Amino acid sequence: LDHGATTPSAVRVEYDGHDPASASASGRAQHPVDRVPASSVTAETFFANHVARRRPVVLTGDLRGTPWARARETWTDRRLADAAGDATVRVEVRAAAGDRYGVGSYETTTFREFMRRFVDGDDTRYLTASPAATDAHGRGVVASAPASRLLRDAEDEDGGGDGGDGDGDGGGVSKPPVRPSKLTGRLVPANVNVWMGRARDGASSGLHHDHHDNLYVLMRGKKKFELYAPSCVEDMYVAGTPTRVHANGRVNYAEAGETAEDGDDGSLVARVAAIATRDAEEELQLAEEAVERGDDGASERLRIAEERMETAMDEAIGGGGGGGGGGGGGD
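Remember, predicted model here, so these are calculated numbers, not experimental data. (Residues numbered from 1 in each chain as written. Predicted model: local features only at pLDDT ≥ 70, side-chain atom pairs only at ≥ 80, totals over all residues. Heavy atoms only, no water.)

S.K.: Sorry if this is basic, but what is going on with the pairing of strand 3 (residues 57-60) here?
M.R.: For a regular strand, side chains alternate in direction, first toward one face of the sheet and then toward the other. Here strand 2 (residues 34-37) runs beside strand 3; their pairing, made up of 4 bridges, is parallel. Bridging from a neighbouring strand, Asp34 pairs with Val57 of strand 3. (Pairing = 2+ DSSP bridges. Helix = DSSP H or I, 4+ residues; strand = E, 2+ residues; numbered from the N terminus.)

Below you can see the structure in the form of structure tokens.
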């Protein structure tokens, strides 16, 4: 959201999640956010009471009993620099301490150099969300450096039986799991980042919205959030032209095109169909070779492979369309 942009109009608001303002006699009065002891929350209650209802919550208890308790003890300035110092990172920059972040000013540096400035008290640099990255095969990755150096691999989500408390030490730092399944259950992270910076007099990243739920773990310092329900979009000055607010709160913008509630613009369906077609082609070739060799059951295998190929082609032709570009707008 951008206070310098235009006022939206004719937005289709379908949001049906938590909205305290809608039940308030005073309209847009402030409302407290639920505070729940982290030790009392299970994956089931977290999803049912907060994720599914779109209801924000502060988990209290000083991180005790969570995967990040040990990490907070070991994530010292020196150990962080040692663990990820050579990583290239993008940081937000402001000219002076009184300026705000979130205006698109960045620089690229090493994490070690950023940590040097941080330790020296520099409050003009802010480590925020990393740009999207891919692995050697061109696939998107959940975490870029430095977060990728400070987390356990997805295969070791709960630390090999340590109760999810994150003793998986590496390079002197305890590594919490990429996906804390004891809290999030089957939910899968879209990305994981580290936010870090100094501000003697406070700093603001500006009013904006993300396209995914946030799980924010405060390791040091203080952080203040000012939250608005997605249904408030027509009361905001937004960057872009909002056209629809889905039931789960996702906002579509005219500039980026309409997406499904989960953000898919049709490209995901096309990718899945392409993979199914490729696999069907490989199986069809193997089945034909089996027939040529005279293998037992080869004819039946070929029949099944041909049916699979036909189904995959139908899916590719009928389900591969897309509408507009994904993401974009509102930040």
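S.K.: Can you walk me through the nonpolar core in this structure?
M.R.: The nonpolar side chains of a soluble globular protein tend to be buried, and buried together. Core analysis: the largest hydrophobic core is formed by 30 residues, its most contacted members being Phe111, Met115, Leu127 and Met196. Breaking this core down by element, the ones donating at least two residues are helix 1 (43-51), helix 3 (77-84), strand 4 (88-93), helix 4 (111-119) and helix 5 (147-150). (Core = buried A, V, L, I, M, F, W, Y, C linked by side-chain atoms within 4.5 Å. Buried < 20%, exposed > 50% of the residue type's maximum accessible area, 1.4 Å probe, protein only.)

S.K.: I would appreciate a short explanation of a negative patch on the surface in the present structure.
M.R.: Taken together, the side chains of Glu288, Glu289, Glu292 and Glu306 present a region of like negative charge at the surface. The element contributing the most residues to the negative patch is helix 7 (residues 267-293), with 3 residues. Within the fold, Glu306 resides in helix 8 (residues 298-319). (Patch = residues over 30% accessible without salt bridge, like charges linked within 9 Å, V, L, I, M, F, W, Y side chains within 5 Å. Areas by Shrake-Rupley, 256 points an atom, 1.4 Å probe, with all protein chains shown as cover. Salt bridge = Lys/Arg side-chain N within 4 Å of Asp/Glu carboxyl O. Lys, Arg positive; Asp, Glu negative; His and termini not counted. Charge placed at Lys NZ, Arg CZ, Asp CG, Glu CD.)

S.K.: Before we go on, may I ask you to explain helix 1 in this structure?
M.R.: Turning to helix 1, its buried residues are Ala43, Phe46, His50 and Val51. For helix 1, the arc enclosing every buried residue in end-on projection is 75°, short of the 170-degree limit, so these residues lie on one face. Turning to helix 1, the residues buried within the fold contact strand 2, strand 3 and helix 6 (181-184). (Arc of directions from axis to C-beta. Contact = heavy atoms within 4.5 Å.)

S.K.: Would you mind showing me how to read a nonpolar patch on the surface here?
M.R.: Judged by side-chain polarity, Val33, Trp195, Tyr216, Leu218, Phe225 and Leu227 come together as a nonpolar surface patch covering roughly 540 Å² of accessible area. Note on placement: Tyr216 falls in the loop between strand 9 (196-197) and strand 10 (242-245).

S.K.: Explanation requested: the sheet that holds strand 5 (residues 106-110) in the structure shown.
M.R.: Backbone-to-backbone hydrogen bonds join strands into a sheet, with any given pair of strands oriented parallel or antiparallel. Read from one edge of the open sheet, 4 strands run 5-4-6-9, paired in antiparallel fashion. The strands lining the two open edges of the sheet, one partner per strand, are strand 5 and strand 9. Here strand 4 pairs with strand 5 via 5 bridges, running antiparallel. Residue Glu92 lies in a different strand from strand 5, and its bridge partner there is Tyr106. The strands that helix 4 touches are strand 4, strand 5, strand 6 (125-127) and strand 9; relative to strand 5, the one it contacts most, it runs at about 105°. (Axes fitted to C-alpha atoms, helices over the stretch in contact; angles between N-to-C directions.)

S.K.: I would appreciate a short explanation of the sheet that holds strand 1 (residues 12-13) in the present structure.
M.R.: Spatial ordering of the open sheet is given by 1-10-11, a layout of 3 strands whose pairing is mixed. Of all the strands in the sheet, just strand 1 and strand 11 (251-253) have a single pairing partner and so form its edges. Pairing of strand 10 with strand 11 involves 3 bridges; the strand directions are antiparallel. Bridge assignment links Pro242 to a residue of strand 11, and that residue is Tyr253.

S.K.: Can you walk me through the packing of aromatic side chains in this structure?
M.R.: Note on aromatic pairs: each is described by the distance of the centres and the angle between the planes. One pass over the structure, following the stated rule, counts 5 aromatic pairs. Between the aromatic rings of Phe111 and Phe114, the centroid separation amounts to 6.2 Å while the plane-to-plane angle is 25°, which identifies the pairing as stacked. Of the two residues, Phe111 and Phe114 both sit in helix 4, 3 residues apart, roughly one turn of that helix. Of the residues examined, Phe111 reaches a relative accessible area of 1% and is grouped as buried. For Phe114, a relative accessible area of 3% corresponds to the buried category. For the cation-ring pair, Arg90 lies above Tyr106, with the distance from its terminal atom to the ring centre recorded as 3.8 Å. The ring of Phe225 has Lys223 sitting right over it, with the charged end atom 5.9 Å from the ring centre. (Phe/Tyr/Trp six-rings, centres within 6.5 Å; stacked < 30°, edge-to-face > 60°. Lys NZ or Arg CZ within 6 Å of the ring centre and 35° of its normal.)

S.K.: What is the right way to read the pairing of strand 10 from this model?
M.R.: Two elements, strand 1 and strand 10, share 2 bridges in a ladder whose sense is parallel. When the sheet's bridge partners are listed, Arg12 is paired in strand 10 with Arg244. Remark: 5 residues form the turn of the hairpin made by strand 10 and strand 11, two consecutive strands paired antiparallel; Gly249 in that turn has positive phi of roughly 100°.

S.K.: Where do I start with the pattern of salt bridges in this structure?
M.R.: Working definition: two side chains of opposite charge can pair if their charged atoms are close together. Under the counting rule described, the total for this entry stands at 22 salt bridges. One salt bridge connects Glu14 with Arg12, and the closest N-O pair in it is separated by 3.2 Å. Close ionic contact of Glu73 with Arg70 constitutes a salt bridge, the shortest N to O distance being 3.3 Å. On the criterion of helical spacing, the pair formed by Glu73 and Arg70 is a turn pair, its members being 3 residues apart in helix 2 (residues 69-74).

S.K.: How should I be thinking about the packing of helix 3 against helix 4 in this particular structure?
M.R.: Relative to each other, helix 3 and helix 4 sit at 165°, their axes nearing to 9 Å. One finds that helix 3 runs roughly antiparallel with respect to helix 4. Considering how the two elements wind past one another, helix 3 and helix 4 form a crossing that is left-handed. Side by side, helix 3 and helix 4 meet where Asp77, Leu80, Ala81, Asp82 and Ala84 of the first sit next to Phe111, Arg112, Met115, Phe118 and Val119 of the second. In the contact of helix 3 with helix 4, the residues fall into 7 nonpolar, no polar and 3 charged. (Parallel < 35°, antiparallel > 145°, perpendicular 65-115°, else oblique. Left-handed = near helix turned anticlockwise from the far one by under 90°. Nonpolar A, V, L, I, M, F, W, Y, C, P; charged D, E, K, R; others polar.)

Nothing here speaks to function; it is geometry throughout.
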